[in-house]
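Secondary and tertiary structure notes
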Amino acid sequence: LLGGLSRAVPLMFGGDGGDDLMGGESLEQMLMETAADDLMGGSGGASSAAGSSRGFDAGSLASMLQKQQHHAPSVHHLAQQSHQSHQLAAVARAEQQAQYEQQQQRRAQAQAQARAQQAQQAQQVQQVQQAQLQMRRQLQLQQQQQQSRHGAPSAYGGRPGSGGMPQQQQQQPKPQPTPQQLLAYAERVMGPGNLGLPPEKFAKNMEALRQMSLPQLYQHAKMLKDKLDQHKLMQRQQVLQQQQQQLMMQRQQAQQQVMQQHALQQQKAKQAAAEEEERKEDGIVQTTQAVNSDALEVETAEEEAAIASAPVFRAYRPLKVKYGLSHPEPIVESCSMASVEPPDVFYRPGLPSSLLSGRRGGGNDPLHPEWLPHDSCALSAAQLEALVYAGQRHSQQNPDDTRGGFFIGDGTGVGKGREIASIILDNVAQGRYRSIWVSLSTALYYDAKRDFRDLGRADINVYPLHKLPYGPLDPADYGDGVMFCTYQSLIAQNKHSERRIDQLVTWAAASGDPARFEGCICFDEAHRAKNLALDRGGKGTKTGEMVLGIQKQLPQARVLYVSATAAAEVKDLGYMSRLGLWGRGTPFPDFSTFAAKIERAGVGAMELLAMDMKARGMFVSRMLAFTGCSFEVRECTLDQQNERLYDEAVELWDDMLTALEKCVEMCGSDGAHPLRLYWGAHQSFFKQLLNSIKARNAIDETEEALRQGKCVVIGLLSTGEAKANEAAERENRAGRELDSEVSTPQEIARSLIEQHLPTTRAEGAPRDGGGLTNGFELLDQYSTVPEAVPEAVQIRDKLLRRLDAIDMPSNALDLVIGHFGVEHVAEMTGRKMRFVKDGAGGTRWEARAQNGVSQDQINIAEKDAFMGGTKRVAIISDAASSGISLHADPRFANTRQRLHITLELAWSADKMLQQFGRTHRSNQITAPHYVLLVSNVGGEKRFASSVARRLEMLGAITRGDRRGGHGAAADLVQYNLDTVHGHTALALMFDAVAEKSEAAALWERALRMLQCHRQGVPTLLGLAVVAVAQKKQAQGNRDVARLPQGLQKYVLKLREWASQRQSGSSRQRPQERNVYGDCPKSPTPKMSWTTAGEVLKRMRVLNANLATQTDADRHNINKFLNRLLGLPVQTQNALFEYYTSVFKWVVVTAKATGRLEPSIETISGESVSLATEPEVVHKEPNSSALTVHYTLSVDSGLSLASANGALTEALKSRAVKSTQQGGATGFWQQTRSQRLILALEMSSGGEAGQRLFRVLRPTLHTSTKPQYIRHKDLRARYRPVTGEDEISRAWQGEYAESEKGRTQEKHLLCGAVLPIWNALTTTLAGAASKAGKQLLVRRAEVNGRPIIGVSLSKEAVASLKRQLDGSAGAEAARGTHVTLREDDPQETERLQKEELRREQKRQRIKQRHQLDEQERTNWERQRDASKRGTAHAPWRDDGGGGGGGKWRPGLQLRQKGKRRANPSRGGGA
């Protein structure tokens, strides 16, 4: 029944309007009630009334239902009769609407009558209640009067003296108030705060009350109480009315704001439309138009150049700490960090005044008699600032009741060792005598002792934990002092499960309670503990777990994190729990939430994180200035021989993959694990092969540098010792000795073939014959000897023979040392054995540590040989990347300029920077030159991309600027492909190749089917038919109509045939295509679409259906670049070139559509000033860190002087000519509006009419959204203006008229942002526009001072203040004022003079060392001549004469223009 009605009723009412006509009643409910009425009989009674009220006739519905049941298929027939159904629907709607309105009127009348009756009944009840209350009051008054006449009744209700007991016990009445109490009550009620009567009326009423009797007074008190209740009720009503009025006013204001915003948006839209129309008339081209790819590329190039030229670092000096002298070398801070003020200083260190003032002292200080003498400026002002803020931070508690920690992120050369030693000594001076120093290697133990000695406390006991026995330490032997241990020792334990960390905690807690230990724990090179998997739910490294564990066991320890490369990603901060950035009392309940929110907010949030930590006084990050340093990326092109070698290796690895899959199938083993090993070895093989090939370039660079009088430091990571040891073991098993250098790439391939290529049948795998067929095979299943598969063994042997036939190069490290010789190369690596060439031309395998030098001291001895000038070439690996100084130090003989060659790219940014820091440090005469060797093989960009990405992250977190991580290595960032746009480009490239290669293969097949070939070459007719068939439907139909009648059927059949085969594709299209559209880029001419598809299938990133193996592979740029290494050189370069073109197109398109990841952009204009005084919106209670709101006034116009400056700068290019020289660069006047513009030529290539010119106006500054114009439009719509008076009059006139319209207001939120993170993110989430929801970091410069913070709109600032209103931080911020500090001219002049003196001193030392070098050369010549007996050499005889002495620098002094011997001088400069 319901089914039929549900189909029939919509037809009556015309389809889908039934629910609205039912007054909100659902269709099913209406049908149920109507059907029930019909079944109950009809048209009478309540049922018929209910039915008629809905506008239905039960009889008509029943007849309809019978028709529907009898003619079920006629529903569609009824639907087709559209004219009749529409008429029925219109009539039914009209009747239904009328009945519905009548019903609503009846309901409204009934409700009004009911409300009137209820009001009348309530009034009657209220009257009855008031009458009853009045009667009760009169009865009580009569009782009181009777009691006052006859006395109070007894406790049992009888009168006094009656002695009788009542029949029913009564409740004891309440005591009646006295007249004094009633008068006091009346006085309080009528007084201030209640009724508040005037003084005269109040005195008159009180006098009248005093004359009343007690009943009257009691009655009057009740009346006063009723008046007071009414008064309070009226007050409450007034408050409610006021609140309602305020709410109404707020609503009205909100509505007005919405209306104003809407009107403003409409006005802006109209203005934008008018401007757009005007630009079209003027021929202006904007980059927001998708068709203008030329303008997009020019603008992108301009912005990249502007970002590259923008200042990254700023000269550093302590702002609020006034101790000490300037650092010996100029140090800098990123501009982002320089814009943040640290908190005020209240901490007073306990060091001697000589150290705090920077003068020479010690030995005679009565307050510190234990201090030994030390040099002047033993601690610089920058180092003392770190000491002061560390002590101040350590005196604070985190919200989780642990002691606050401090983070020193200074770069190499600032002197982190001195800073650690000074902090420990400050704790010793204040009674905390035990500290723990955790560092990277045991060699740094001697540096720690040196740092204490340089500060005048050589008596401090420094215990090397790695040399101490396990178990409890004797307090007599190991008392107060510093326990030095490495991260390796921190996780060590012996066979009895005794752990070093327990030993450390026991020693630190001398009192027995670890919670009472308040000494210092210094994590030097703290990046070693960064791999802590707190946010991934997995298990982190033992080092990270132990670092976190010792902090938990010693909750009141003063923790110090020290590293220049502490974190390349947010997840690397997990071990820094004492910074108090997450946990109880913070916006982030745990580290996982903290990392997720910061990473989700982007790199801008990471930059804010560093600035926030500085503002809260828990972080300093300075670095040596890169003044004089240079950096270049040098491409090493493979010659034909190396290219053939590489391609031959590629073929070998392709065959190895095929053989691996075949052997896995034959042996019945699991193929997942061997494939993972294959791809890992594949990547390592080609990386080591490229290192060996680039070693030849490194040798050439080194020889050229040595000829120029420089010395060379070559940096790499791997030494190849593990593979050399495997080769040595293999030769020993064969009864031979290793007598030649080992090729690391060859050993990697050999190891995979011999150890991981399956050659034995897997357990449980079936044999070729099926199952077990005889007794011998039955016995075989119990045998423990694996059964070999002969075919697999043959494949393995064949691969080994092919591998041996390839002439693989030796290890890169051995190639360099073998070329120059061990006597000229200082090797600072971690390997124990190496190859050495003997005099007979052979090679021997020997230990590095010889001549009584221990293995621990071998690197120190090699470093001394390099710094002393004995060896001019040094090679450092990952083992020597920390703690070794190889710079041009004047204290050593070798002061030549360093050429630092990076041969092998590291996987992580911190390792790269650690190696860079070996040759650029404090107190150097000459700055180094860095050369990064990168081959022209496209796949090697994988390693450069990984390093570049981590350099940006590292700079964002540790420097507050993504550009600050690489320092001088800015060129490396161009290889950063591991970005969102890099992933998008990869997905779009895969999609384009899959689609186009499939189509290309299909149409090539079609050409063969048409048989339109002449000697294998397609004919013009066949190509024309296929070309027309490939076109889209609309255009293709027009072209088909032009063809002869005979060819049209071929085209139509061909198109039908192709569509049938293309429609069956099961590939999933990437989501990026919906945003960016079809990729317009095509492969290079060297590679067709078909070839690109075959290459990607060969790389195993696309399957046979041209789809990725998994959805994650669409964006896996690392996997793509890894697999790219396994292609021939020309092929992978062509594919990588195609990918690069797609990547650039994605970046340009993302910029045009506003999807480009925002960086720290500069707010600039003709002028930038403070519109109002800075406003403090929040003050953190713990650290007193301020969150400051700056309102900036920005003039977006362009003055005539700035326009002339831009014109002069553009004319510096030889390809650009001015209008006066017959060119087009200059001032032009619009022929329609007579307005003046400045046109600057941006692209001089291509056709003359299509060249682009940048347009500048008096209202359009160079920093605003650029506008361009084509050369042909410029000539057609404008005329050149060359007269200076005419230019000045027109430009300045428009500039003056537009003064109000071009001034904009910008808002920046600076300082400590993390304490208000929740309020800030809520504010951004509530923004109306998409751009307002982004966390954008902007930079401005006001009066020479940088201001960097979060960019907010005016509405967002007001919303943020409302959210913070009432919080403790907002209350603490009231009354706090800040001023924008300006540079002190006197201080600036003093620093410039100091830098000049430092440079003059550096030049004097350099000249002295040059003279010493000349003396050395002359001495060597004279020594050689004396050996031949031709002359006598004037050197000091150290060995009894006969010319056996050694030359020592500084043996002769320059005095009065002559040089004479100085026997009193020793062996130092």
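All values reported here derive from a predicted model rather than from experimental measurement.

1. Let's talk about the nonpolar core
- One finds Phe523, Tyr561, Leu581, Phe594 and Leu1352 to be the most contacted residues of the largest nonpolar core, which totals 75 residues.
- The leading source of residues in this core is helix H21 (residues 603–615), at 8 residues.
- Judged by nonpolar contacts, the second largest core, of 38 residues, contains Ala659, Cys663, Cys667 and Tyr678.

2. Side note on the pairing of strand E24 (residues 1175–1179)
- Relative to strand E25 (residues 1186–1195), E24 runs antiparallel, the two being bridged by 4 bridges. Note on E25: the bridge partner recorded for Glu1175 is His1189.
- If you look at the hairpin formed by E24 and E25, you'll find 6 residues sitting between the two strands, and Ser1184 has a positive phi there, around 60°.

3. Considering the pattern of salt bridges
- Taken as a whole and judged by the stated rule, the model has 50 salt bridges.
- Asp700 is the salt-bridge partner of Arg696, the closest N and O atoms lying 3.1 Å from each other. One end of the pair is Arg696 and the other is Asp700, both in helix H23 (residues 672–707) and 4 residues apart, which spans about a single turn.
- For Arg696, a relative accessible area of 41% translates into the label partly exposed.
- Assessed through its relative accessible area of 38%, Asp700 is described here as partly exposed.
- When the shortest N-O distance is used, the salt bridge between Lys1361 and Glu1175 registers 2.6 Å. Here the residue Lys1361 occupies a position in helix H44 (residues 1354–1364), and Glu1175 occupies one in strand E24, the gap between them amounting to 186 residues.
- Connected through shared salt-bridge partners, Asp814, Glu827, Arg831, Arg834 and Arg848 make up one network.

4. Description of helix H20 (residues 591–601)
- For H20, every residue scored as buried is listed here: Phe591, Phe594, Ala595 and Ile598. End-on, the buried residues of H20 take up no more than an arc of 95°, which puts them together on one face.
- The inward-facing, buried residues of H20 contact H21 and helix H43 (1317–1325).
- Positive backbone phi, approximately 100°, marks Gly602, located one or two places after H20.

5. Digging into the packing of aromatic side chains
- Under the counting rule described, the total for this entry stands at 26 aromatic pairs.
- When the centroid spacing of 6.2 Å and the interplanar angle of 55° are considered together, the rings of Trp437 and Phe484 count as tilted. Taken together, the positions of Trp437 in strand E5 (residues 434–439) and Phe484 in strand E7 (residues 481–486) put the pair 47 residues apart, joining distant regions of the chain.
- Take Phe484: its relative accessible area is 0%, and that puts it in the buried class.
- Look at Trp653 and Phe685: their rings are 5.1 Å apart centre to centre, the planes differ by 50°, and that puts the pair in the tilted class. Of this pair, Trp653 sits in helix H22 (residues 640–667) while Phe685 sits in helix H23, and the two are 32 residues apart along the sequence. Considered together, Trp653 and Phe685 belong to a single accessibility category, that of buried residues.
- Among the aromatic residues, those joined into a cluster by ring pairs are Tyr646, Trp653, Tyr678, Trp679, Phe685 and Phe686.
- Sitting over the face of the ring of Tyr470, Arg500 holds its NZ or CZ atom 4.0 Å from the ring centroid.
- The aromatic ring of Tyr1295 is capped on one face by Arg1302, whose charged end is 3.7 Å from the ring centroid.

Procedures and definitions
- Residues numbered from 1 in each chain as written.
- Predicted model: local features only at pLDDT ≥ 70, side-chain atom pairs only at ≥ 80, totals over all residues.
- Heavy atoms only, no water.
- Core = buried A, V, L, I, M, F, W, Y, C linked by side-chain atoms within 4.5 Å.
- Buried < 20%, exposed > 50% of the residue type's maximum accessible area, 1.4 Å probe, protein only.
- Helix = DSSP H or I, 4+ residues; strand = E, 2+ residues; numbered from the N terminus.
- Pairing = 2+ DSSP bridges.
- Salt bridge = Lys/Arg side-chain N within 4 Å of Asp/Glu carboxyl O.
- Arc of directions from axis to C-beta.
- Contact = heavy atoms within 4.5 Å.
- Phe/Tyr/Trp six-rings, centres within 6.5 Å; stacked < 30°, edge-to-face > 60°.
- Lys NZ or Arg CZ within 6 Å of the ring centre and 35° of its normal.

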